[in-house]
There are 2 protein chains.
Amino acid sequence: MQIKRRFIVVGHRAHTVGDFNSKDLCGGAGRWDVLVRCVNSSFFLSHALRKDTELMVVALGPTDAPKTVRFCGPELKHLNPDEWTTGALVKKALDVPVGERERPSTEGIFVSKRGLSEVLGSLEGPVVYLHEHGDEVDTALGELEAPINFVLGDDKGLEEEEEALLKDAVKVSLGPEVLHSDHCIVLVHNVLDRLGF
Amino acid sequence: MQIKRRFIVVGHRAHTVGDFNSKDLCGGAGRWDVLVRCVNSSFFLSHALRKDTELMVVALGPTDAPKTVRFCGPELKHLNPDEWTTGALVKKALDVPVGERERPSTEGIFVSKRGLSEVLGSLEGPVVYLHEHGDEVDTALGELEAPINFVLGDDKGLEEEEEALLKDAVKVSLGPEVLHSDHCIVLVHNVLDRLGF
């Protein structure tokens, strides 16, 4: 199946080697807990996985930054909704010896030594930057064609030089409150579902 | 602060005594993992907790059913977004010796031996049943006044006799896909945020 929805989340402190305990993603892994919750909200329907979706996590923490872990919906199999089993898959992916060229880890999970700029450079389709001061989401997304790429920060938002890479992106707001990244992904999916995207 | 948004989630298999390991909420606790993710989505904004929200989990699993664990937004303090620390708080609440009269556990968390019928009987304000075959959410919620009570099932949905208790509730649909309960809560909050509720 073709990718129609792609989420790119930047984890500024997220460890880039598997030097952590997958049951301590918050402290020992540099907030991989936030990112692993994005895996859940990117892919889980009540009794199925979203096969038209891809998630790329750009990890920028110690000790081998940057690294991008790509979760590819059409190829993902044994995903569980809890944090620690996904944490264990991430740890495994980060331990794969890798260069700029992407390498597979477990089914549907790939890893490469790419940062945000390389990832953005590789994308097809419009780029949307989810931001509290953006256009109203229903209208903005109704005008775009697949695949749409959504860029989000982690719990700290994006930095100035990262925002500079997004100067041509469509800025879209999901509502008046500032939300966790995984909750933003739930909202984007719902808007697209209701648009029949 | 006054409660304006209240979520009632029924956990059919959720254990009603703390006989589980808080790091094995999926298997050993009768899918408390699903319910604990509802705690996250009920209360977390990016850098704050929603103080106008309450969550009541009606647990119907072994070995002391029914029990209702109430998470009270105005009084909640040390909540973490990860599953296992909330799991530990739940385990503690379920070990409080309790009758039909509610008793406090940790800050903002209360427990009682009430089932769905007693909980519904105690509510003020309109009751909304989130269901795939309901009215369109923005319109339906725009007509209601606070506090609004939203009833959801766990991963199995509600049973016939539970649905019978909700025959006078407003049926509201969140979109064309069937979603996890915690994702439904994110969507409801967003609709109310955008309505300025």
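Note that the structure is a prediction, hence the values are computed from the model and not measured. All residue numbers refer to positions counted from 1 along the written sequence of the respective chain. Going through the entries in the order they are written, you letter the chains from A and number the ligands from 1. pLDDT decides what is reported in this predicted model: residues at 70 or higher carry local features, side-chain atom pairs at 80 or more are listed and counted, and totals for whole chains, interfaces and linings draw on all residues regardless. Calculated side-chain values reflect all of the structure's heavy atoms, with hydrogen atoms and water omitted.

S.K.: Teacher, can you tell me more about the relation of the copies chain A and chain B here?
M.R.: The second copy of the chain is related to the first by a rotation about an axis and a shift along the axis. Once chain A is rotated about the relating axis by 180 degrees and shifted along it by 0.0 Å, it coincides with chain B to within an RMSD of 0.0 Å. When the rotation and shift are considered jointly, the pair of chain copies conforms to a two-fold rotation axis. Across chain A, the rotation axis passes nearest the C-alpha of L187(A), at a separation of 3.2 Å. Here, two residues are considered to be in contact whenever any of their heavy atoms come within 4.5 Å of each other. Both copies present the same face, since 100% of the interface residues in chain A are matched by interface residues at the equivalent positions in chain B. We place the copies in one frame by least squares, fitting the C-alpha atoms of every residue whose pLDDT is at least 70 in both.

S.K.: Looking at this model, I keep getting lost on the packing of helix α6 (residues 181-194) of chain A against helix α6 (residues 181-194) of chain B. Mind explaining?
M.R.: How two helices sit against one another is set out by the angle between their axes and by the gap between those axes. Inter-axis angles, ranging from 0 to 180 degrees, are taken between N-to-C directions of lines fitted to C-alpha atoms, where helices are fitted over the stretch in contact. Helix numbers and strand numbers start at the N terminus; a helix is a DSSP run of H or I with at least 4 residues, a strand a run of E with at least 2. At a minimum axis distance of 9 Å, the contact between α6(A) and α6(B) shows a crossing angle of 80 degrees. Regarding the angle of α6(A) to α6(B), the classification is roughly perpendicular. The residues of α6(B) that touch α6(A), namely those facing H183(A), V186(A), L187(A), N190(A) and R194(A), are H183(B), V186(B), L187(B), N190(B) and R194(B). For the contact of α6(A) with α6(B), a count of residues per class yields 4 nonpolar, 4 polar and 2 charged. Put simply, angles under 35 degrees are roughly parallel, angles over 145 are roughly antiparallel, angles from 65 to 115 are roughly perpendicular, and the rest are oblique. All residues other than Ala, Val, Leu, Ile, Met, Phe, Trp, Tyr, Cys, Pro, Asp, Glu, Lys and Arg, Gly among them, are scored as polar; the first ten of these are nonpolar and the last four charged.

S.K.: Mind showing me how you'd approach α6(B) here?
M.R.: Since the α-helix advances by 3.6 residues per turn, residues separated by three or four positions end up pointing in the same direction. All names here are of chain B. In this model α6 runs 20 Å from its N-terminal to its C-terminal C-alpha over 14 residues, within 8% of the 20 Å that 1.5 Å per residue would give. When a residue's accessible area, from a 1.4 Å probe over protein chains only, is under 20% of the maximum for its type it is buried; when over 50% it is exposed; and in between it is partly exposed. The buried fraction of α6 is high, at 13 of 14 residues. Looking at the residues trailing α6, positive phi occurs at G196, about 70 degrees. Any helix carries an expected span of 1.5 Å times its number of residues minus one.

S.K.: Would you explain the packing of aromatic side chains in this entry?
M.R.: How two aromatic rings sit relative to each other is set out by the distance from centre to centre and by the angle between their planes. Two aromatic rings from Phe, Tyr or Trp, using only the six-membered ring of Trp, form a pair when their centres are within 6.5 Å; if the ring planes differ by under 30 degrees the pair is stacked, by over 60 it is edge-to-face, and anything between is tilted. For the coordinates displayed, the defined rule picks out 3 aromatic pairs over all chains. Taken together, a centroid distance of 5.3 Å and an interplanar angle of 25 degrees make the contact between F7(A) and F150(A) stacked. Linking F7(A) in strand β1 (residues 5-11) with F150(A) in strand β7 (residues 148-153), this pair joins segments that are 143 residues apart in sequence. We note that F7(A), like F150(A), is buried. Relative to W84(B), the ring of W84(A) lies with its centre 5.0 Å away and its plane at 55 degrees, an arrangement referred to as tilted. Remark: W84(B) occurs in helix α2 (residues 83-94) and W84(A) occurs in helix α2 (residues 83-94); the pair is interchain, linking two chains. Residue placement shows R70(B) over the ring face of F110(B); its charged tip is 4.5 Å from the ring centre. Only lysine NZ and arginine CZ atoms are considered, and such an atom sits over a ring when it is within 6 Å of the ring centre and within 35 degrees of the ring normal.

S.K.: Quick question: what am I supposed to make of the sheet that holds β7(A) here?
M.R.: Across a sheet, paired strands are connected by hydrogen bonds in the backbone, their directions being either parallel or antiparallel. All names here are of chain A. If you trace the 8 strands from one edge of the open sheet to the other, you get β4-β5-β3-β2-β1-β7-β6-β8, paired in mixed fashion. Every other strand in the sheet has two partners, leaving β4 (103-104) and β8 (170-173) as the edge strands with one partner each. In short, DSSP must find at least two bridges between two strands for them to pair. Judged from the 5 bridges that link them, strand β6 (residues 127-136) and β8 form a sheet pairing that is parallel. Following the sheet pairing, D135 is matched in β8 by V172. Seen against the sheet, helix α1 (residues 32-43) touches β1, β2 (53-59) and β3 (67-72) and runs at an angle of roughly 170 degrees to β2.

S.K.: What exactly am I supposed to notice about the interface of chain A and chain B here?
M.R.: Often the size quoted for an interface is simply the accessible area lost on bringing the parts together. Across the boundary between the two partners, chain A contributes 33 residues, which contact 33 residues of chain B. Buried surface at the junction of chain A and chain B, both sides included, amounts to about 2900 Å², of which 58% is carbon and sulfur. Contact with chain B buries area across many residues of chain A, yet W84(A), H180(A) and H183(A) alone supply 19% of it, more than any other trio. Here a polar contact means two N or O atoms within 3.5 Å. Within protein one must be a hydrogen donor candidate and the other an acceptor candidate, and residues neighboring in sequence count only if both atoms are side-chain atoms. Our enumeration of links across chain A and chain B arrives at 12 residue pairs in polar contact (both at pLDDT 80 or more). Put simply, the parts of the chain that give the side of chain A that touches chain B at least two residues each are α1, α2 and α6 of chain A. Summed over both partners, the accessible surface that disappears when two parts come together, traced with a 1.4 Å probe, is what is meant by buried area.

In short, shape yes, function no, at least from these values alone.
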